[in-house]
Amino acid sequence: MTRVIGLMSGTSVDGIDAALVEISGSDLDLKIELLAGATYGYPTELREKILAVCTGTPLSMAELAALDDAIAFQFAQAALAIGTGLPPAELIGSHGQTVYHRPLGVKGVRVAWPFGQGFSELKVDRLNVESSSELKVGRLNVVRVRAAEAEGHATRTALPKAWPFGQGFPDNLQPDNLQAGNLPFSNAKGEQPATETNLGQKATLREQPDNLQPANLQPANLQPANLPYGNAKGEQPANLQPTNLPYGNAKGEQPANLQPVTTLGYSLQLGRGEVIAEITGIKTISNFRVADIAAGGEGAPLVPKIDACLLRSSTHNRCIQNIGGIGNVTYLPVSEGNWLEQVYGWDTGPGNALLDLAVEYFTNGRKTYDYNGEWAASGTPCEALVEQWLAQEFFNIPPPKSTGRELYGIDYLKQCLVESEAYNLAPADFLATLTELTVASIVESYRNFLPQMPDQVLLCGGGASNLYLKQRLQIRLDSVPVLTTDQVGLSRDFKEAIAFAVLAHWRNLGIPGNLPQVTGASEAVCLGNLYSPRSQHHSS
């Protein structure tokens, strides 16, 4: 038996969930017993700072360091409190507080097609680079992709109808079917078609030849007045430097102001593990997401393997639906054959985040959430708005995928409020409509991305206590029963904290914690950085 404390604070930033558990077994034979569970609220001022950072408020490095330490201190206090009067824990697994999450994928990277065919702001889910070269720009290594395969998806980006040559990078170019009339500089006015991008098929980025001259790229009817430099023949003044060109020089080299190409996501959790270890005197594992990201994964969701261990069934296909600030699902097929390879998971979209923000907005900050969904239950959802919101790009992207407050935050809420004005909704109606968005996004993701609909849905997280949300989910799922994880023996309130206790246990034993088919990582890896108190003279 190993006693482990799991610590978790999610995108709702409503407090630190702490769970003290006894764990036996190692991998799929895992068994846990919850000895104690509690939620410890952040001090008001600290919570406000965290929420401000999550919405993009800038910080100096000194302020960021202070916030990191302040969060770590609160996590350490929660660990000390949950263990009071109980046998001491041997290990802490701390998720920390997410303040920024950038999903995997090269989103909006400027990619150069063959010289003379312009640039495309390519929206892609994966970019498998076949060959590339590096260009040193100051301290940055800017990668110039010469040949690659991109797996894209349809976008609905609004495009300007005129884009004068040299003043931008259109994102509606198709690499395999470009005609002269489709070029962003096809006529003297620089007009371009305003068609929508459709990258549903794989497209190959063609290598740029090194010997093409600027004269090759000018359509015959382009006038000198439209050129950012030179004349109608494309002649360049002798003193023009490559970094001044909108598309580099004759060798196709990229200017320094293009974004470096990256195929890795990014996720930042504050609350340093080394500080927690020092304050509590207990070996601590934190920073769980970075190893999965380094292996090419989303870094989220990380709980599906724990769900597979603790919640699998030999008779039912199950969806474990967590509804925190963001919703995420684990699909567990009947546990037979190669079932573990068929476990899937992804972020479904907003959970409570938009609802909580809307309650704060309508009450001028007097309330932070809608107890039991009672306010929303008194309203009527606007189905037309729900359908409009479901057309948003994230919902249509196939897994692996993850999201956060960076998308479903205050700016998203403001846009929803603007769009609701046409329907003259009362606050209760608006809350009911946001609830319906959460519910509909969950059910539609099941229908779109699961091999089959589940036999059961088990809810956990704060949203599992929202009775109105649960009722609406049951209505949309029709005959599929909606239960909670409590009903199968696992606390719905502390399941996420328990999960990070288990991940710490696995890291301590050297057992991988991610599922590559869920996160998109190239391999299963051990998750988390290990920190021991200085008295133990060891950290890694």
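Residues numbered from 1 in each chain as written. Predicted model: local features only at pLDDT ≥ 70, side-chain atom pairs only at ≥ 80, totals over all residues. Heavy atoms only, no water.

This part is about the overall build of the chain. Each helix and strand counted, the chain has 14 helices and 16 strands in total. Counting all 540 residues of the chain, 52% fall into the buried class. Considering only residue pairs separated by 6 or more positions, the chain has 69% of its internal contacts joining residues 24 or more positions apart. Within the structure as shown, the chain displays about 23,400 Å² of accessible surface, and the carbon and sulfur contribution to it stands at 49%. (Helix = DSSP H or I, 4+ residues; strand = E, 2+ residues; numbered from the N terminus. Buried < 20%, exposed > 50% of the residue type's maximum accessible area, 1.4 Å probe, protein only. Contact = heavy atoms within 4.5 Å. Areas by Shrake-Rupley, 256 points an atom, 1.4 Å probe, with all protein chains shown as cover.)

A surface patch of nonpolar side chains, amounting to about 240 Å² of accessible area, comprises F73, L80 and I279. Looking at the secondary structure, you find F73 in helix α2 (residues 61-82). (Patch = residues over 30% accessible without salt bridge, like charges linked within 9 Å, V, L, I, M, F, W, Y side chains within 5 Å. Salt bridge = Lys/Arg side-chain N within 4 Å of Asp/Glu carboxyl O.)

Cis geometry marks the peptide bond from A300 to P301; its omega dihedral reads -15°. P399 connects to P400 through a cis peptide bond whose omega is 0°. Assignment of secondary structure puts P400 in the loop between α9 (393-396) and α10 (410-420). For N287, which is not a glycine, the phi torsion comes out positive at approximately 60°. One can find N287 in the loop between β10 (284-286) and α4 (289-294). Positive phi values are uncommon outside glycine, yet N424 reaches one of about 55°.

Turning our attention to the pattern of salt bridges. In the structure shown here, the tally under the stated rule is 13 salt bridges. With its nearest N and O atoms 2.9 Å apart, the salt bridge here joins R476 to E436. Taken together, the positions of R476 in helix α12 (residues 467-477) and E436 in helix α11 (residues 427-449) put the pair 40 residues apart, joining distant regions of the chain. Look at E436 and you get buried, because its relative accessible area is 0%. Between K495 and E496 there is a salt bridge, with the nearest N and O atoms lying 3.4 Å from each other. There is no split in this pair, since K495 and E496 are both buried.

Let us now look at the nonpolar core. Of all hydrophobic cores here, the largest spans 44 residues; its most connected members are L413, F430, L434, Y446, L473 and L477. By residue number, the principal contributor to this core is α11, which donates 10 residues. Excluding its chain neighbours within four sequence positions, the residues that come into contact with L434 are L354, L355, A358, W389 and L413. (Core = buried A, V, L, I, M, F, W, Y, C linked by side-chain atoms within 4.5 Å.)

Let us look at the packing of aromatic side chains. In the structure shown here, the tally under the stated rule is 12 aromatic pairs. Seen from their ring centres, Y331 and Y344 are 6.4 Å apart, and the 10° between their planes marks the pair as stacked. Of the two residues, Y331 sits in strand β12 (residues 326-332) while Y344 sits in strand β13 (residues 344-350), which places them 13 residues apart along the sequence. With a relative accessible area of 3%, Y331 lands in the buried category. Here W389 and F430 contribute two aromatic rings whose centre-to-centre distance is 6.3 Å and whose plane-to-plane angle is 75°, an arrangement assigned as edge-to-face. Here W389, found in helix α8 (residues 383-390), pairs with F430, found in helix α11; they are 41 residues apart in sequence, far enough to count as distant. F430 sits in the buried class, given a relative accessible area of 2%. By way of ring pairs, the aromatic residues Y361, F362, W375, W389 and F430 are connected into one cluster. (Phe/Tyr/Trp six-rings, centres within 6.5 Å; stacked < 30°, edge-to-face > 60°.)

Here the focus is the confidence of the model for the chain. Chain-level pLDDT for the chain is 80 on average; 70% of the residues reach the 70-or-more range. With pLDDT under 50 throughout, residues 106-232 is counted as low confidence; its partners more than four residues away or in other chains account for 276 contacts. Of the regions scoring below 50 in pLDDT, residues 236-250 engages in 34 contacts with residues more than four places distant in sequence or in other chains. (pLDDT = per-residue confidence, 0-100.)

With that settled, consider the pairing of β13. Across the seven residues of β13, six count as buried, placing the element largely inside the fold. Pairing of β12 with β13, which is carried by six bridges, proceeds in the antiparallel orientation. Opposite G327, over in β13, you have G349 as the bridge partner. (Pairing = 2+ DSSP bridges.)

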